[in-house]
Structure formats: structure tokens, C-alpha cells
Amino acid sequence: MPWQEPAATEFQGIYDKLKDWTSGYLGKAIALFAFLLGLGVGVAKSSPIPAISGVVFALFVAFGPAVLEGIATATL
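Quick caveat: nothing in here was measured; it's all calculated off a predicted structure.

Draft legend 1. Representation of the confidence of the model for the protein within the structure. Scored by pLDDT, the protein has a mean of 81; 88% of the residues are at 70 or more. Looking over the protein, one finds the lowest element-wise mean pLDDT in helix H3 (residues 49–72), namely 83, and the highest in helix H2 (residues 25–45), namely 86.

Encoded structure:
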């Protein structure tokens, strides 16, 4: 009888919950907060760098789960 890998679904519930959070309203709220915080710090310091980092963080929160899932499920 050939050896088979187990289904490895122990962490499926945690993965689904975190994915739902980051792609749902919690992720949108975190992205908006990061953008506004970066914008506020940028205005206070008279520098665009904090605002740009806030935008980058917001983009990562918005698109990160889909990119990571695409990488994890990619086949050659």
C-alpha cells in the first residue's frame, strides 16, 4: 500500500478566519486607518514618506491575501 500524505486541514479554520478578516471590513478598516495615520504623520512632519508608507501598507492589506493565496496554490 503506497504512503499517502494526510489532508493537513488542521489549520483550515484559522486560515479561513484570517482571510475573511483581512479581505472583509476589518481589513478595509485597518487599511484606511494606516492611510490616515500615514497622512497625518506626513502632514505633521512635512514629509510625503509616511503618507506613501501608509498607502503601501493599505495596498498590502487589501491585496496581500489574494497574492499569498496565488503563490501558495501555484503549480509549475
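Draft legend 2. Region of the structure containing the packing of H2 against H3. At a minimum axis distance of 7 Å, the contact between H2 and H3 shows a crossing angle of 170°. Judged on the interaxial angle alone, H3 and H2 are roughly antiparallel. Every residue of H3 that contacts H2 at Gly27, Ile30, Ala31, Ala34, Phe35, Gly38, Leu39, Val41 and Gly42 is listed here: Pro50, Ala51, Gly54, Val55, Phe57, Ala58 and Val61. For the contact of H2 with H3, the class distribution of residues is 12 nonpolar, four polar and no charged.

Draft legend 3. Fine view of the pattern of salt bridges. Scanning all chains against the criterion turns up one salt bridge. When the shortest N-O distance is used, the salt bridge between Lys19 and Glu69 registers 2.7 Å. Linking Lys19 in helix H1 (residues 12–23) with Glu69 in helix H3, this pair joins segments that are 50 residues apart in sequence. On the basis of relative accessible area, Lys19 is assigned to the partly exposed category, the value being 30%. On the basis of relative accessibility, which here comes to 27%, the residue Glu69 falls in the partly exposed class.

Draft legend 4. Spotlight on H2. Here H2 spans 30 Å end to end across 21 residues, near enough to the 30 Å set by a 1.5 Å rise per residue. Turning to H2, its buried residues are Gly27, Ala31, Ala34, Gly38 and Gly42. Taken around the axis of H2, the buried residues stretch over an arc of 60°, which confines them to a single face. The exposed residues of H2 that point more than 90 degrees off its buried face are Tyr25, Lys28, Phe33, Val43 and Ala44. On its buried side, H2 packs onto H1 and H3. Positioned one or two residues after H2, Ser46 has a phi angle of 55°, which is positive.

Each value, and the rule that gives it
Residues numbered from 1 in each chain as written. Predicted model: local features only at pLDDT ≥ 70, side-chain atom pairs only at ≥ 80, totals over all residues. Heavy atoms only, no water. pLDDT = per-residue confidence, 0-100. Helix = DSSP H or I, 4+ residues; strand = E, 2+ residues; numbered from the N terminus. Axes fitted to C-alpha atoms, helices over the stretch in contact; angles between N-to-C directions. Parallel < 35°, antiparallel > 145°, perpendicular 65-115°, else oblique. Contact = heavy atoms within 4.5 Å. Nonpolar A, V, L, I, M, F, W, Y, C, P; charged D, E, K, R; others polar. Salt bridge = Lys/Arg side-chain N within 4 Å of Asp/Glu carboxyl O. Buried < 20%, exposed > 50% of the residue type's maximum accessible area, 1.4 Å probe, protein only. Expected span 1.5 Å × (residues − 1). Arc of directions from axis to C-beta.

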